[in-house]
Amino acid sequence: MHGSWAQSPHSREGRLRLGRKRVGHPSLAMAVAARKGRVTVSPLAGSPVSIATTARPGFLGGWLSRIPLPKWALIAVAVAVAVLLLLFLICIVRCCCGKKKPKKKERVSLRAVSGSSTACLVQPEMEDLERGAAQAGRGKLQYSLEYNFRAQELKVGVKQAAKLKAMDSGGTSDPYVIVYLTSDMKKKYETKVYRKTLNPIFNESFTFQVPQVEVPESTLVMQIYDFNRFAKHDIIGEVRLPLASVSLQHVIEQWSDLVAASKVEEERLGEICFSLRYVPSTGKLTVLILEAKKLKRMDSHGLSDPFVKVHLILNRKKWKKKTTSVKKNTLSPYFNEVFVFEVPFNQIQNVDVVISIWDHDKVTKNEPIGKLFLGCRATGNQLRHWSDMLSNPRRPLAQWHSLQPPDVVDKALGLKSHLKLSLPPR
């Protein structure tokens, strides 16, 4: 039996012999197939080898087959890389283009400039152009300054002008000069008019009475006008010289360029200090006039004779008035005078207190220097002072106030009449 089993074609060894006879040696067959590039070998369960014919994979396919990621993940990574590369290329292009454009503009600008000049690639503002055009070609003025410390006098010499702007149709002007100090605008001097010239020689001098303590606060103004017989005189230009910016220890003589005239400046009239006190239970309003300073000069010798008026206005009609004594020849008077008015509590909201400083004159009429008013209709510091007084009954509150032009205060008050009213019943 054993011999018959070994030789039986149905036995295992018999089947292996038959397979070797048909295909030859397995390794030899695989080598032949590999040379022809037509087979792949993979082991199969239940058999030693299994031979199947497939296409040979490419390099990229083999490389991708080694990455342990799904196909959709590989596609997403590839798209992201492509987007980054595209953005990088766009940035490079923009940087290169941005560097080239300014070079072209600079070359074009510099070609039009001859010599050693440089080109300005920034366009100036329109305001700068207008300001430069307004101040160009107005001319210049020569003047001198001399301060006498003993007499406290400032001597201003107007020497000459040169290259003035032509204001007349014939290409000339009729210039003259106005000289004044901002600390005393009421006192102004004028030179003679010189006909049909742009280079007048004046050689005139003027003297101002200026106390030494007020010199740093004053500004010398010299304005050149073109005279016109039948129309308004046109201003050619001006020179403004703050006296605090120059040394008056010695005589000064210099040239200055004319500039466009500034707008009308508000004249400084001075300041006054006073206190207010109101007692609601008794209806008494107390006004204490303390002092004033830097008052406007009203007299020819550069001083004033100031005194203070205190008016009470009820329902826009003058009601009561008190007056201080006159202080002679001073611009910084000290009064320390008190006035008491009876104002019922039910009328305090309808009352305005008008405080004015006047210059006393024995020969002519007294002239007002400045005014201000306090009350519920007031504004600014005046309204704040009045509100503080009402918020702090029985307590005197002192404060400094700047004087205002009398016509401005009168217009704001809008007085109806000058009738004196009787005291309302309490």
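Everything that follows concerns the structure shown earlier in this document.
Scope of this entry: the structure provided in the associated data block. What you see is a predicted model; the values in this text were computed from it and never measured. (Residues numbered from 1 in each chain as written. Predicted model: local features only at pLDDT ≥ 70, side-chain atom pairs only at ≥ 80, totals over all residues. Heavy atoms only, no water.)

Attention shifts here to the pairing of strand β4 (residues 153–162). Note: strand β3 (residues 140–148) against β4, nine bridges, orientation antiparallel. Bridge pairing links Leu145 to Val156 in β4. The loop that links β3 with its antiparallel partner β4 comprises four residues; one of these, Gln152, has a positive phi angle of about 55 degrees. Relative to strand β7 (residues 201–209), β4 runs antiparallel, the two being bridged by seven bridges. By the bridge assignment, Gln160 is partnered in β7 with Ile201. (Pairing = 2+ DSSP bridges. Helix = DSSP H or I, 4+ residues; strand = E, 2+ residues; numbered from the N terminus.)

Here we take up a nonpolar patch on the surface. On the surface, a nonpolar cluster with roughly 650 Å² of combined accessible area is contributed by Ile75, Val79, Val83, Leu84, Leu86, Leu87 and Ile90. With respect to the secondary-structure elements, Ile75 resides in helix α5 (residues 71–111). (Patch = residues over 30% accessible without salt bridge, like charges linked within 9 Å, V, L, I, M, F, W, Y side chains within 5 Å. Areas by Shrake-Rupley, 256 points an atom, 1.4 Å probe, with all protein chains shown as cover. Salt bridge = Lys/Arg side-chain N within 4 Å of Asp/Glu carboxyl O.)

Once that is clear, we can look at the side chain of Thr191. Here Thr191 lies in the loop between β6 (184–190) and β7. With a relative accessible area of 7%, Thr191 lands in the buried category. A distance of 2.8 Å separates a polar atom in the side chain of Thr191 from the backbone nitrogen of Val177. Excluding its chain neighbours within four sequence positions, the residues that come into contact with Thr191 are Val158, Tyr176, Val177, Phe202, Glu204 and Phe206. (Buried < 20%, exposed > 50% of the residue type's maximum accessible area, 1.4 Å probe, protein only. Polar contact = N/O pair within 3.5 Å; in protein donor to acceptor, adjacent residues only side chain to side chain. Contact = heavy atoms within 4.5 Å.)

This paragraph deals with the nonpolar core. One finds Ile272, Ile289, Val310, Val343 and Ile355 to be the most contacted residues of the largest nonpolar core, which totals 32 residues. For this core, the elements supplying multiple residues, two or more each, are β11 (271–279), β12 (284–293), β13 (306–314), β15 (334–342), β16 (351–359), β17 (367–374) and α7 (380–391). Those residues in contact with Val343, other than ones at most four positions away along the chain, are Tyr278, Gly283, Leu285, Leu312, Trp319, Ile348 and Val351. With 28 residues, the next largest nonpolar core counts Tyr143, Leu145, Phe206 and Ile236 among its residues. (Core = buried A, V, L, I, M, F, W, Y, C linked by side-chain atoms within 4.5 Å.)

Here we take up the side chain of Lys371. Inspection of the secondary structure assignment puts Lys371 in strand β17. Polar side-chain contacts of Lys371 include one of 2.9 Å to the side chain of Asp410. Those residues in contact with Lys371, other than ones at most four positions away along the chain, are Ile355, Ser356, Leu403, Gln404, Pro406, Val409 and Asp410.

Bringing helix α8 (residues 406–413) into the picture now. Listed as buried for α8 are Pro406, Val409 and Leu413. Down the axis of α8, the buried set is contained in an arc of 70 degrees. They therefore lie on one face. Residues of α8 that are exposed and point more than 90 degrees away from the buried face comprise Asp407 and Lys411. Where α8 is buried, its residues meet β16 and β17. (Arc of directions from axis to C-beta.)

Trans peptide bonds make up most of the peptide bonds, and negative phi angles are found at most residues other than glycine. Backbone geometry places Lys294, a non-glycine residue, at a positive phi of 55 degrees. With respect to the helices and strands, Lys294 occurs in the loop between β12 and β13. Judged by relative accessible area, which is 42%, Lys294 ranks as partly exposed. Backbone geometry places Asn336, a non-glycine residue, at a positive phi of 55 degrees. Positionally, Asn336 belongs in strand β15.

Attention now moves to the sheet that holds β17. The four strands are arranged β14-β13-β16-β17 in an open sheet whose pairing can be described as antiparallel. Edge positions in the open sheet fall to β14 (317–323) and β17, since each of these has one partner strand only. Averaged over all pairs of adjacent strands, the angle between strand axes in this sheet comes to 25 degrees, irrespective of strand direction. Along the sheet, α7 contacts β16 and β17; its crossing angle with β17, the most-contacted strand, is approximately 50 degrees. Running at roughly 40 degrees to β17, α8 makes contact with β16 and β17 of the sheet. (Axes fitted to C-alpha atoms, helices over the stretch in contact; angles between N-to-C directions.)

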